[in-house]
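Examining the three-dimensional arrangement
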Amino acid sequence: MKSRKGILIAVLLLLFTWFLLCLPDPLFKNKTSTVLEDSEGNLLAAQIAEDGQWRFPYNDSIPEKFKACIVQFEDRSFYYHPGFNPLAFGRAVIQNIQAKKTVSGGSTLTMQVIRLSRKGKKRTMLEKLVEIILSGRLELSYSKDEILALYASNAPFGSNVVGIDAAAWRYFGRGADKLSWAESATLAVLPNAPSLIYPGKNQERLKAKRNRLLDRLLKAGIIDAETCELGKQEPLPGKPHPIPQLAPHLLQRAAKEGHSGERVNSTIDGHLQERVNEVIANHHKVLKGNEIHNACAIVIEVSTGNVLAYVGNTSSPGKPEYNSDVDVIAAPRSTGSILKPFLYASMLNDGELLPGTLIPDIPTQIAGYAPQNYNTTFDGAVPARRALARSLNVPAVRMLQNYGIEKFNYNLKKLGMTTLNRTPDHYGLSIILGGSEAKLWDLTAMYASMARALNNYIPEGGKYNLKDLHPNTYTARPEAEKEIAAANYFDAASIYLTFEAMVEVARPDEDAGWRQYTSANKVAWKTGTSFGFRDGWAIGITPKYVVGVWVGNADGEGRPGLTGIQTAAPILFDIFSLLKPSKWFQVPFDEMEKVGICRLSGCRASDICSPVDTVRIPKAGLRSAPCPYHHMIHLDHSGMYRVNSNCEDVGNMKHESWFVLPPAMEWYYKSKNPSYKTLPPYRSDCETQGSNAMEIIYPKQFSKIYVPVEIDGTMGKTIFEVAHRKSSAVIYWHLDGNYLGSTQGIHQMGLTPDEGLHTLTLVDEDGESLAEEFEIISRRK
């Protein structure tokens, strides 16, 4: 007797243990669609599940209208039974016996959830018993609303549509929470007979079922008579609606980055996303007339790094050759000039430059690399801030040469540029002109980090939050703890002065129409154009927003006129016109010092500089070199000629500070600056040895020159050029000791030296000589 009792207890314990563990976890293992929502929960885009079903991820929020409809239609005792309703089950058995076929299952909503989770099981009495047991177990672990949510997320709604969320969008083109009573009732009757929803098929049967449910809702006092009657007049759904695709490329990105099959609550501003889509579409209509087929844009909120709009490419349905499916925001592209502000900020931050420092803008060749300005002209010398605003290439290369390629690469990586995967030497000086690739995603994050640091510098009482440097994000991130420090990757003053230089962007004369691209906002902006007119960039910064735009062809095909200023800038400012204006950045006075600056050179004023302006500069700028261009010269009593102690008594001399540029810089500078005063000539009775009146512009000492072979097989000519302070001077040219001829005024000569080492010797009319060695490298057939 005791053994039987023990066995019974053991069996009961086993059954109880099985009952506790019998419910699968998770209950549903179906593949789900990847769903992207905006910051307010509105659908932006969705991707069909791997099994070909439109099945949105589980949603614990059920619209009240659908909840009332499904309970009234399927299980009016839902809130009162423990998962199994004996009365309903018994009634169903009697109905089935009388009809001699299955006309009612007697299943509760809880049992239907279990049946949906056990798809593929045959409908037998044993299976029904299992469903009853599992339903009881489900009721112990889940609330009634959670069970309803499981049903609503997994019930079939016809064709390849599963779940209330997908059904609402496919059949009515809007979210389930925005459906009317009639629409909710239509969806509520579908899981019972999902084949009814095929467009144009069984519409009368579907309408009758819907209307009966509306009558039942009226009888239950859930809706009033007017709502019931109006609901019956509403049309049934016809052809399925396409799922919204307002941000398809961000959806792709989310799926690739570990969110496949998930509901992604993004930071996107849905209204702004639609407007930016329209801007890109409108400009695409014009761009494709020039066979430019791709463009993208992104809008970042500076304070958080949140992505507010993400348009990864244009739309070209039926044109796969245009690569519209490529997310260009995440694609590495040649940078053009878009990195120049980072170099300017780096040099300000390290005290190697002041905003007005003159940078040489003359023909330049460095180890065989000869950069050219966009307009192929030279200014001789240009203030650094104007070189940035005008995007001059030669000054940028000279700045990078002075700063150091290794340091600049380090800074770019620290700021968040992820595409620099080779050594600095691989990129060389060309990195500043497009010799590397970058992603628009990274670039906008880098500029946003700079703006964020500048915004937060004042509130932090002169300190920095190192956490301000971070990538963009399209999903809400928890607020990070602040990491306050006295120094930052760039000081606030350097960032502020960089943005100030970027406000007044100018371009060559032929692009003077750029000023039409204006905005009510004060915007710091920069454009870029890659070699071969393959990529057009534009990035703009305000205290609140960073906007990035790229235009081009995803396959890399270049097009005439594909420049940042002509293609990307108009889109940039159209997007800024959609954004709320904001006050400009506060001036970080605590990070600046007032010092005397030479007005002509832009450097810290020396004792002999004149005129001198008092200007605020970054504190690091106190380490910058003083003006190197002002020299004390000695004039005779007339002030018209220079003299020295060999020809004039010191007591009769006038001593004057004079702004003197090196000959090559002077040669180009004076043509653009009529106020520039050249040095007075020496008086005829004075010796002038060592006056440095000449400078070879090309080639430089020890240059290696490649001379191409012409079509006819002859060697091409190399143009040698010299600058002389005296505009009327005569220069006599010699190559390897052989006299070649003379030049006056413009000192250029086309030569065809043989391969090998050569020496060029120049002698002016005053006897001053200059010699440099170079090597000719050529290819012969």
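See the structure printed just above.
Definitions and limits used
Residues numbered from 1 in each chain as written. Predicted model: local features only at pLDDT ≥ 70, side-chain atom pairs only at ≥ 80, totals over all residues. Heavy atoms only, no water. Helix = DSSP H or I, 4+ residues; strand = E, 2+ residues; numbered from the N terminus. Buried < 20%, exposed > 50% of the residue type's maximum accessible area, 1.4 Å probe, protein only. Contact = heavy atoms within 4.5 Å. Disulfide = S-S within 2.5 Å. Core = buried A, V, L, I, M, F, W, Y, C linked by side-chain atoms within 4.5 Å. Pairing = 2+ DSSP bridges. Axes fitted to C-alpha atoms, helices over the stretch in contact; angles between N-to-C directions. Salt bridge = Lys/Arg side-chain N within 4 Å of Asp/Glu carboxyl O.

For the bond from Ser-610 to Pro-611, the omega torsion is 0°, close enough to zero to count as cis. As for its placement among the helices and strands, Pro-611 is situated in the loop between strand 17 (592-598) and strand 18 (612-618). Note the cis peptide between Tyr-698 and Pro-699, where omega equals 5°. Here Pro-699 shows up in the loop between strand 21 (694-698) and strand 22 (703-707). Its identity as a non-glycine residue notwithstanding, Glu-291 has a phi of 60°, on the positive side. You can see Glu-291 is positioned in the loop between helix 12 (270-287) and strand 6 (294-301). Given a relative accessible area of 38%, Glu-291 falls into the partly exposed group. A positive phi angle, near 55°, is found at Asn-323, a position not held by glycine.

Another aspect to go through is the environment of Ile-571. Following the sequence through the fold, Ile-571 ends up in helix 20 (residues 564-576). For the pair Ile-571 and Cys-296, spaced 275 residues apart in sequence, the C-alpha to C-alpha distance is 9.6 Å. Setting aside residues up to four positions removed in sequence, Ile-571 forms contacts with Val-279, Ile-280, His-283, Val-549 and Val-551.

Counting across every chain of the model gives 1 disulfide. Considering cysteine sulfurs only, Cys-627 is the nearest to Cys-603, which forms no disulfide, with 5.6 Å between them. Judged by relative accessible area, Cys-603 falls into the buried class, the value being 7%.

Of all 9 residues that make up helix 8 (residues 181-189), 9 are buried, and the element is covered over most of its length. Looking at the packing, one finds that the buried side of helix 8 touches helix 2 (64-74), helix 7 (164-172), helix 9 (203-219) and helix 10 (225-233).

A word on the nonpolar core. Leu-339, Phe-342, Phe-408, Phe-499 and Ile-541 are the most contacted members of the largest nonpolar core, which has 79 residues in total. With 11 residues, helix 18 (residues 440-457) is the largest single contributor of residues to this core. Sequence-distant contacts of Ile-541, defined by excluding residues within four places in its chain, comprise Tyr-447, Ala-451, Phe-499, Met-502, Lys-522, Val-523, Ala-524, Val-546, Phe-576, Trp-584 and Phe-585. Core analysis: the second largest hydrophobic core is formed by 54 residues, Cys-69, Phe-73, Phe-157 and Ala-188 among them.

Quick look at the sheet that holds strand 2 (residues 43-47) now. Strand order in this open sheet of 3 strands is 2-1-5, and the pairing throughout is mixed. The strands lining the two open edges of the sheet, one partner per strand, are strand 2 and strand 5 (263-265). Direction aside, the axes of adjacent strands within the sheet are offset by 15° on average. Inspection of the sheet shows strand 1 (residues 34-37) paired to strand 5 by 3 bridges, in the parallel sense. Bridging from a neighbouring strand, Leu-36 pairs with Val-264 of strand 5.

With that out of the way, let us pick up helix 2. Burial analysis of helix 2 places 9 of its 11 residues in the buried class, the great majority of the element. Considered for burial, the residues of helix 2 that qualify are Phe-66, Lys-67, Ala-68, Cys-69, Ile-70, Val-71, Gln-72, Phe-73 and Glu-74. Where the residues of helix 2 are buried, they touch helix 4 (109-117), helix 6 (144-154), helix 7, helix 8 and helix 9.

The strand order 7-6-16-15-14 describes an open sheet built from 5 strands, whose pairing is antiparallel. Among the strands making up the open sheet, the edge pair consists of strand 7 (307-311) and strand 14 (524-529). Adjacent strand axes in the sheet meet at a mean angle of 10°, parallel and antiparallel pairs treated alike. In the sheet, strand 6 pairs with strand 16 (residues 545-552) via 8 bridges, with the strands oriented antiparallel. Among the inter-strand pairings, Ala-297 is bridged to a residue of strand 16, identified as Val-549. Against the sheet, helix 19 (residues 492-503) engages strand 14 and strand 15 (535-541), with an angle of about 70° to strand 14.

This model, assessed by the stated rule, comprises 25 salt bridges. For Lys-67, the salt bridge identified is with Glu-64, shortest N-O distance 3.3 Å. On the criterion of helical spacing, the pair formed by Lys-67 and Glu-64 is a turn pair, its members being 3 residues apart in helix 2. Between Asp-685 and Arg-683 there is a salt bridge, with its nearest N and O atoms 2.9 Å apart. Overlapping salt bridges, with partners in common, bring together Asp-636, Glu-648, Arg-683 and Asp-685 in one network.

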